[in-house]
Structures are given as structure tokens and as C-alpha cells.
Amino acid sequence: LEGQANTLSGQINSLNTQITTVAGEISDTEENIALVQADIDVLNEQLETTQQDLDSQREAMKTRIQYMYENSATNTLVNYLESGSMSGFLQRLEYMSEIVSYDQMAIKKFEETQQALEETKSQIEEKNTELTAYQGTLESKKSELGTLVNSTASTLDTTNGQIADSQAALQQ
């Protein structure tokens, strides 16, 4: 009888150790979920800021294109004839060159901002996938914990029943 009690005590201790381990894993998973959620929040803020920058750049480019279309004075011959002198023509040519350089820089910045937006969206998608995986792990660990608790309770009930039966047999 004492051997059975020792065996059952060992099983209960083993189950308690497993419960403690699973509870620790649940805690770790919950911490990971919180960290991933914080990352997602930061990325969403970055996404919003980047989207606002992109919209602002798009509006500036639209205005610039509209102005160029409405005030088209980029014909080299027309600029030469309107300038009145060679130095005036060279100044206009230099000015036009600076405008083209600025436009190229603005287009490059727009493309970089658009790329950053896409990268941020991709990161958010990855983090959401990671979050879903952690949530799945959390659910399975909680289920495992429930199973272990039920198993421990069942073992305790069995043990208590055997002890009661043994005590009843000894009293008779």
C-alpha cells in the first residue's frame, strides 16, 4: 500500500511539474504576443506617417505637373528668342536644368517613400502571421494545461478513493 502511495505521489509530482512547465510556456507565449502586438502598433504608426508623406508628395507632384502643363515654356528656341541675349538664354537654360534636377530628386524621393510603404506593409503582414502563430500556440498550451489539471485531479481522486478503500478494509 505504501508503495502504491509513493508511486501515486511521484505521478502527482510529475504532473505538477508538467503543469508548472506548461504554465511557464503560456506566460512566455503571452509575453511574445504582447511584444509582437507592440511591434505591430509601431509599424502601423510608421505606415500612417509614410502614407501621409506619400500623399503629400503625390499632391506636390500633381501641382508641379499641372503648372508645367499650363505654363509650358520649355522649348529651347522659344527660350532663346525670348531671352534677348546669350547670357539671358544661358541663365534660363541653367534654371531649367535646376528644375529638372529638382523634379528628378522629387521623383526619386517619391519612389523611395512608396518602397518604404510597401516594406512596412510587408512587415505588418509578417508580424500578423507571427501573432497568429503565437495565439495558436497559446491556445494549444492552455488546452494542454487543462488536460494536465484534469489528469492530476483524476489521479488525486483515484488515490483518495484507494486510500479510503484501504482505510475501510483496515477498520474491518
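Residues numbered from 1 in each chain as written. Predicted model: local features only at pLDDT ≥ 70, side-chain atom pairs only at ≥ 80, totals over all residues. Heavy atoms only, no water.

Visitor: Give me the overall build of the protein: which residues, what numbers.
Guide: Helix and strand counts for the protein come out as three helices and zero strands. The order of α-helices and β-strands along the protein, N terminus first, is α-α-α. Taken against the 2.2 N^0.38 rule, which gives 16 Å for 172 residues, the C-alpha radius of gyration of the protein at 37 Å runs more than 25% over that of a compact globule. If you line up the protein on its principal axes, its C-alpha atoms span 130 × 20 × 15 Å. A separation threshold of at least 6 residues defines the contact pool for the protein, and within that pool the share at least 24 residues apart is 86%. Per element, the accessible surface of the protein, about 12,300 Å² overall, is 53% carbon and sulfur. In the protein, the 10 positive side-chain charges and the 28 negative ones have mean positions that sit 13 Å from each other. (Helix = DSSP H or I, 4+ residues; strand = E, 2+ residues; numbered from the N terminus. Rg over C-alpha atoms; globule rule 2.2 N^0.38 Å. Contact = heavy atoms within 4.5 Å. Areas by Shrake-Rupley, 256 points an atom, 1.4 Å probe, with all protein chains shown as cover. Lys, Arg positive; Asp, Glu negative; His and termini not counted. Charge placed at Lys NZ, Arg CZ, Asp CG, Glu CD.)

Visitor: Could you give an account of the confidence of the model for the protein, with specific residues and numbers?
Guide: Detailed reading of predicted coordinates is not advised where the pLDDT is low. In this model, the protein carries an average pLDDT of 85, and 91% of its residues clear a pLDDT of 70 or more. Taken element by element, the predicted model of the protein shows its lowest mean pLDDT in helix α2 (residues 76-83) (68) and its highest in helix α1 (residues 2-70) (88). (pLDDT = per-residue confidence, 0-100.)

Visitor: Give me the side chain of Q57: which residues, what numbers.
Guide: One can find Q57 in helix α1. Using a relative accessible area of 15% as the deciding quantity, one classes Q57 as buried. (Buried < 20%, exposed > 50% of the residue type's maximum accessible area, 1.4 Å probe, protein only.)

Visitor: Summarise the nonpolar core; cite the residues concerned and give the values.
Guide: In terms of nonpolar packing, the biggest core is built from 10 residues, these being L15, I19, V22, I26, I33, V36, I40, L131, L138 and L148. If you list the elements that add at least two residues to this core, you get α1 and α3 (86-171). In terms of residues, this core owes the most to one element, α1, which gives seven residues. Apart from residues no more than four positions distant in its own chain, I26 is found in contact with L138, K141, K142 and L145. Formed by six residues, the second largest nonpolar core is a distinct cluster that contains L47, L54, F110 and I124. (Core = buried A, V, L, I, M, F, W, Y, C linked by side-chain atoms within 4.5 Å.)

Visitor: Give a detailed account of the pattern of salt bridges, specifying residues and quantitative values.
Guide: Counting across every chain of the model gives seven salt bridges. Notably, a salt bridge pairs E25 with K141, separated by 2.7 Å at the nearest N-O pair. Here E25, found in helix α1, pairs with K141, found in helix α3; they are 116 residues apart in sequence, far enough to count as distant. Overall, the relative accessible area of 28% leaves E25 in the partly exposed class. For D55, the salt bridge identified is with R58, shortest N-O distance 3.3 Å. (Salt bridge = Lys/Arg side-chain N within 4 Å of Asp/Glu carboxyl O.)

Visitor: Break down a nonpolar patch on the surface for me, with residues and values.
Guide: A contiguous nonpolar patch, built from M86, L90 and L93 and spanning about 280 Å² of accessible area, is present on the exposed surface. Locating L93 in the fold gives a position in helix α3. The exposure class assigned to L93 is partly exposed, which follows from its relative accessible area of 36%. (Patch = residues over 30% accessible without salt bridge, like charges linked within 9 Å, V, L, I, M, F, W, Y side chains within 5 Å.)

Visitor: Quick one: what's the story with the environment of Q135, residue by residue and with numbers?
Guide: Here Q135 lies in helix α3. For Q135, a relative accessible area of 39% translates into the label partly exposed.

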